[in-house]
Amino acid sequence: MAAIIPIPAFTDNYIWTLREGRSAAVVDPGDAEPVREYLDGEGVELVAIVVTHHHGDHVGGVRELVGRRRIPVYGPAREPIPERTHALREGDRVVLGELGLELGVLDVPGHTNGHIAYTGRDAGGPVVFCGDTLFAAGCGRIFEGTPEAMWASLRKLAALDPATRVFCAHEYTLANLRFAVAVEPSNEALAARVERDTALRERGRPTVPSTIADELATNPFLRAAEPAVRRAAEAHAGRGLDDDVAVFAELRAWKNAYR
């Protein structure tokens, strides 16, 4: 069963590496160099590339990595993905035979119009690779989609098994937690998470993966239906908000300007 290893890239990206023995696949390789260094240093062969969406910090390294050896490139059908060999939509399956791993595909538009996520299971239980849709204690900006689409995508991810480990693509957690505390200062689970994740970063360790259970308890973007979150969003907006989508949209606008 494949191990899941983070390769840091740029200032805050993680390129998730799925490794079984001497074979590996990578998720969202925005930069080829750190992947190449890992593969060469470990004596590992790249057998597949898995992509969630088309932004450059997720696909920038694909062509160079494919140039080393012709391999399958899996990515969303609705977006232009370099060297893509398999165009995916919700319900499709990705079988990584060398790794003993099978991934399901979910459509999760909002950050981009064709964004997808991959669900699966390793020896530790269920996992999801969600790119920039869901972050630890946060969510992606809405660049191409609508608040309605993003909220629906987040609800789809929130419905996964609470034990699902959430492999997002960025180390944004502490900044996201600061915003979450501004929204829900009395959330005890959130206070405990701030302490835990701050300690992890002080030791130079990633704060991800989190779990769906963590996110349901502490992520304001999954908690728009909670009375305390609604009250905070309405106070920030200076008006009543009609439904959960409106609360979510106000939270996202608030976070966009939050410092």
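Structural data are supplied above this passage.
Residues numbered from 1 in each chain as written. Predicted model: local features only at pLDDT ≥ 70, side-chain atom pairs only at ≥ 80, totals over all residues. Heavy atoms only, no water.

Trainee: What should I look at first to understand the sheet that holds strand E14 (residues 210-211) in this one?
Mentor: Within a beta sheet, neighbouring strands are joined by backbone hydrogen bonds and run either parallel or antiparallel to one another. The mixed open sheet is built from six strands, whose spatial order is E7-E8-E9-E10-E13-E14. If you trace the sheet from one side to the other, it starts and ends with strand E7 (93-96) and E14, each paired once. Across four bridges, E7 lies against strand E8 (residues 101-107) in antiparallel orientation. Of the residues in E8, the one forming a bridge with Val-94 is Leu-103. Across the sheet, helix H4 (residues 147-158) is in contact with E8, strand E9 (116-122) and strand E10 (125-131); its angle to E8 comes to roughly 145 degrees. (Pairing = 2+ DSSP bridges. Helix = DSSP H or I, 4+ residues; strand = E, 2+ residues; numbered from the N terminus. Contact = heavy atoms within 4.5 Å. Axes fitted to C-alpha atoms, helices over the stretch in contact; angles between N-to-C directions.)

Trainee: Is there a simple way to explain the packing of aromatic side chains in this structure?
Mentor: How two aromatic rings sit relative to each other is set out by the distance from centre to centre and by the angle between their planes. Scanning all chains against the criterion turns up nine aromatic pairs. Plain terms: the ring middles of Tyr-14 and Trp-16 are 5.4 Å apart, the flat faces sit at 40 degrees to each other, and that makes the pair tilted. The same class applies to Tyr-14 as to Trp-16, namely buried. Aromatic side chains Phe-221 and Phe-248 sit 6.0 Å apart centroid to centroid with 75 degrees between the ring planes, which places their arrangement in the edge-to-face category. Highlighted residues: Phe-221 in the loop between helix H7 (212-218) and helix H8 (227-237) and Phe-248 in helix H9 (residues 244-257), separated in sequence by 27 residues. For the residue pair Phe-221 and Phe-248, the accessibility class agrees, reading buried in each case. Here the aromatic residues Trp-151, Phe-179, Phe-221, Phe-248, Trp-254 and Tyr-258 are joined through ring pairs into a cluster of three or more. (Phe/Tyr/Trp six-rings, centres within 6.5 Å; stacked < 30°, edge-to-face > 60°. Buried < 20%, exposed > 50% of the residue type's maximum accessible area, 1.4 Å probe, protein only.)

Trainee: When you look at the pattern of salt bridges in this model, what are you seeing that I'm missing?
Mentor: One side chain can pair with another of opposite charge once the charged atoms of both are near each other. All chains considered together, the criterion is met by 15 salt bridges. The salt bridge partner of Glu-83 is Arg-63, with a shortest N-O separation of 3.4 Å. Of this pair, Glu-83 sits in the loop between strand E5 (73-76) and strand E6 (86-88) while Arg-63 is found in helix H3 (residues 62-68), placing the two residues 20 residues apart along the sequence. According to the relative accessible area criterion, Arg-63 is exposed, its value standing at 54%. The salt bridge partner of Arg-196 is Asp-214, with a shortest N-O separation of 3.8 Å. Taken as a pair, Arg-196 in helix H6 (residues 188-202) and Asp-214 in helix H7 lie far apart in primary sequence, 18 residues in all. Classification of Arg-196 as partly exposed rests on a relative accessible area of 37%. Salt bridges sharing common partners tie together Arg-193, Arg-196, Asp-197, Asp-214 and Glu-215. (Salt bridge = Lys/Arg side-chain N within 4 Å of Asp/Glu carboxyl O.)

Trainee: Is there a simple way to explain unusual backbone geometry in this structure?
Mentor: Leave glycine aside and you will find that most residues have negative phi; peptide bonds, for their part, are mostly trans. A cis geometry characterises the amide bond from Val-208 onward to Pro-209, with omega recorded as 10 degrees. Examined against the element boundaries, Pro-209 turns out to sit in the loop between H6 and E14. Here the phi dihedral of Glu-83 falls at roughly 60 degrees; this positive angle occurs in a residue that is not glycine. Owing to a relative accessible area of 30%, Glu-83 belongs among the partly exposed residues under this scheme. Of note in this structure, Ala-137 is not a glycine but carries a positive phi near 65 degrees.

Trainee: Looking at this model, I keep getting lost on the environment of Thr-198. Mind explaining?
Mentor: With respect to the element layout, Thr-198 can be found in helix H6. By relative accessible area, which is 27% here, Thr-198 ends up partly exposed. For the pair Thr-198 and Leu-174, spaced 24 residues apart in sequence, the C-alpha separation works out to 6.9 Å.

Trainee: When you look at the environment of Ala-25 in this model, what are you seeing that I'm missing?
Mentor: Here Ala-25 lies in strand E3 (residues 23-27). The contact partners of Ala-25, leaving out residues within four places of it in the chain, are Trp-16, Thr-17, Leu-18, Leu-46, Ala-48, Leu-96 and Leu-99.

Trainee: Before we go on, may I ask you to explain the sheet that holds E5 in this structure?
Mentor: Ordered by their spatial adjacency, six strands build an open sheet running E1-E2-E3-E4-E5-E6, and the pairing between neighbours is mixed. The sheet terminates laterally at strand E1 (3-9) and E6, the two strands that pair on one side only. Averaged over neighbouring strand pairs, the angle between their axes works out to 25 degrees when direction is ignored. Sheet topology note: the E5/E6 ladder contains three bridges and is parallel. The partner of Tyr-74 across the bridge, within E6, is His-86. Seen against the sheet, helix H1 (residues 32-42) touches E1, strand E2 (13-20), E3 and strand E4 (45-50) and runs at an angle of roughly 130 degrees to E1.

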